[in-house]
Amino acid sequence: MSTDTQLDLKAVDAYLSAHLDGYRGPLEATKFAVGQSNPTYELKTPTQVYVLRRKPPGILLKSAHAVDREFRVQKALSNSRVPVPEMFLLCEDDTVIGSAFYVMERLDGRNFLEPTMTGETKETRAGVFEEMNRVLAELHMVDIQDVGLSDFGPPGNYFERQISRWTKQYRASETKTIAHMDQLISLLDASMPADDGQRTLVHGDYRIDNMLFEKNGTRCIGVLDWELSTIGHPYADLAAVIMQWQMPPGKEGRGLAGIDRSSLGLPSDNEFIAAYCKRRGLPGIDNFGFYLAFNFFRMAGILQGVYKRALDGNASDPERARKLGGYVPMFAQYGLQALEGANSHTT
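Everything quoted here is computed from the prediction, not taken from an experiment. (Residues numbered from 1 in each chain as written. Predicted model: local features only at pLDDT ≥ 70, side-chain atom pairs only at ≥ 80, totals over all residues. Heavy atoms only, no water.)

Peer 1: Give a description of the side chain of D209 that names residues and reports values.
Peer 2: With respect to the helices and strands, D209 occurs in the loop between β6 (200–202) and β7 (211–213). For D209, the side chain forms a polar contact with the side chain of R254, separated by 3.1 Å. With residues near it in sequence (within four places) discarded, D209 still touches N111, F112, L113 and R254. (Helix = DSSP H or I, 4+ residues; strand = E, 2+ residues; numbered from the N terminus. Polar contact = N/O pair within 3.5 Å; in protein donor to acceptor, adjacent residues only side chain to side chain. Contact = heavy atoms within 4.5 Å.)

Peer 1: Got a sec to walk through the pairing of strand β5 (residues 101–105)? Specific residues and values, please.
Peer 2: In terms of residue burial, β5 counts as a mostly covered element, since 4 of its 5 residues are buried. The sheet contact formed by strand β3 (residues 49–54) and β5 spans 5 bridges and is antiparallel. Its bridge partner being in β5, L52 is matched across the sheet by V103. When strand β4 (residues 87–91) meets β5, the two strands line up antiparallel, connected through 4 bridges. By the bridge assignment for β5, L90 is matched with Y102. (Buried < 20%, exposed > 50% of the residue type's maximum accessible area, 1.4 Å probe, protein only. Pairing = 2+ DSSP bridges.)

Peer 1: Got a sec to walk through helix α4 (residues 158–173)? Specific residues and values, please.
Peer 2: In this model α4 runs 22 Å from its N-terminal to its C-terminal C-alpha over 16 residues, within 8% of the 22 Å that 1.5 Å per residue would give. Taken as a whole, α4 has its buried residues at Y158, F159, Q162, I163, W166, T167, Q169, Y170 and S173. Projected onto a plane normal to the axis of α4, the buried residues spread over an arc of 165° and lie on a single side. Summarising the geometry of α4, the exposed residues directed more than 90 degrees from the buried face are E160 and K168. Turning to α4, the residues buried within the fold contact α5 (179–190), β6, β9 (230–232), α6 (234–245), α9 (288–312) and α11 (328–341). Two or three places before F159, at the opening of α4, N157 has a side-chain oxygen 3.0 Å from that residue's backbone nitrogen. (Expected span 1.5 Å × (residues − 1). Arc of directions from axis to C-beta.)

Peer 1: Quick rundown of the pattern of salt bridges? Include the residues and the values.
Peer 2: Within the structure shown, the criterion is met by 19 salt bridges. The partner of R53 in a salt bridge is D225, with the nearest N and O atoms 2.7 Å apart. With R53 in strand β3 and D225 in the loop between β8 (220–223) and β9, this pair connects stretches of sequence that are 172 residues apart. Under the relative-accessibility criterion, R53 is labelled buried at 8%. When salt bridges with common partners are traced through the structure, they connect D205, R207, D209 and R254 into a single cluster. (Salt bridge = Lys/Arg side-chain N within 4 Å of Asp/Glu carboxyl O.)

Peer 1: I'd like a rundown of unusual backbone geometry, residues and numbers included.
Peer 2: The omega torsion of the bond from G25 to P26 falls at 5°, within 30 degrees of zero and hence cis. Its place among the elements puts P26 in the loop between α1 (9–19) and β1 (28–31). Even without being glycine, D225 reaches a positive phi, approximately 60°. By relative accessible area, D225 is classed as partly exposed at 23%.

Peer 1: I'd like a rundown of the sheet that holds β3, residues and numbers included.
Peer 2: Judged by pairing direction, the sheet is antiparallel, and its 5 strands sit side by side in the order β1-β2-β3-β5-β4 without closing on themselves. The sheet is open, and its two borders are formed by β1 and β4, each paired with just one other strand. Shown here is a sheet whose adjacent strand axes are inclined to one another by a mean of 25°, direction ignored. On the sheet, α1 packs against β1, β2 (40–44), β3, β4 and β5 and is oriented at approximately 115° with respect to β4. Each of β3, β4 and β5 touches helix α2 (residues 67–76); the most contacted strand, β4, lies at about 155° to it. (Axes fitted to C-alpha atoms, helices over the stretch in contact; angles between N-to-C directions.)

Peer 1: An account of the nonpolar core is requested, with residue identities and associated values reported.
Peer 2: If you look at the biggest cluster of nonpolar residues, it comprises 80 residues, and the most contacted ones within it are F129, M132, L201, W226 and F297. Broken down by element, this core gets its largest block of residues, 13 residues, from α9. Beyond its immediate sequence surroundings of up to four residues, W226 is in contact with E70, V73, Q74, L77, V82, V84, L139, L201 and H203. Among the nonpolar cores identified, the runner-up in size contains 19 residues, and V12, Y23, A29 and C91 belong to it. (Core = buried A, V, L, I, M, F, W, Y, C linked by side-chain atoms within 4.5 Å.)

Peer 1: Outline helix α10 (residues 318–325), supporting the account with residue identities and numerical values.
Peer 2: All of the buried residues along α10 are A321, L324 and G325. Projection of α10 onto a plane perpendicular to its axis shows the buried side chains occupying an angular sector of 100°, all on one side. Looking at the buried residues of α10, the elements they touch are α9 and α11.

Peer 1: Lay out the packing of aromatic side chains with the relevant residues and their values.
Peer 2: Counted under the stated rule, the structure contains 17 aromatic pairs. Look at F159 and F294: their rings are 5.1 Å apart centre to centre, the planes differ by 85°, and that puts the pair in the edge-to-face class. Taken together, the positions of F159 in helix α4 and F294 in helix α9 put the pair 135 residues apart, joining distant regions of the chain. Take F159: its relative accessible area is 5%, and that puts it in the buried class. For F294, a relative accessible area of 0% translates into the label buried. Ring geometry for W245 against F272: centres 4.9 Å apart, planes inclined by 80°, an arrangement best described as edge-to-face. One end of the pair, W245, is in helix α6; the other, F272, is in helix α8 (residues 269–280), and 27 residues separate them in sequence. (Phe/Tyr/Trp six-rings, centres within 6.5 Å; stacked < 30°, edge-to-face > 60°.)

So this is what it looks like as structure tokens:
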């Protein structure tokens, strides 16, 4: 974490004093180093620690950085089998600190930035991946009507809607022509599967580094970063996990490409998918290559937006944002390869 001068502590302190039960200053804030989209801060008071998450300052793409949606979905899941932090307060008044923000519980757990989980035992790695699988299946089995989220996303074909949305977002932040990205957009439209009627809550960025686990075990205590959540198709989340594992290992790729998974106690792609299908009572998943390609496409669009914000001076971490933008062509190529593979996974 690092200090940050963009957060008006005096304004935050005054607002929380007036609106948050039990809050008592004085207040200190430290910015988390991770996270490119919505700047996130640890707020310390003499008696309690909170987390504040805000929209970035500056001109933003339409529908991006929806902290109000993040707040709503986590609030709705508070009594579900999907672990989330407690939500305390949402402020949609931009005049307070310059953008909307919310305040939530500071969970005391551990975070794994990479799926290799260097230094952990095989048993711990296996347990963490099993818990990732369980929580993902539980997320997709949440009754969206019971938790008040039936209107959290529009009806219709989720992938058709998402490809249209992210194509528009990509075009709005496009800085140069990337032939592979143009080709991927075209092929995704042409190879879209028929809608099978599945309509569930989806996280939108489900991966190990967006989860917190208990300090001395493998139980998940919180799923974080719900900015891309909506009502959609569950295979998008599942394929997002598999997509991440196709990346190179290390701090940049945070993947498992080339790793001997069995020696680390980690499941193969097929084993993880089969466990998920078993939990949800599914016979298997056909045309998995499309869902994988979709995730590569969307990630490319996200990274292009991060890069454009860096050029515009609105990035949370400008240097890293410029570097991430350089990966857009690579993700487009991976997406094309996934479509060409036309993988089919069954149990």
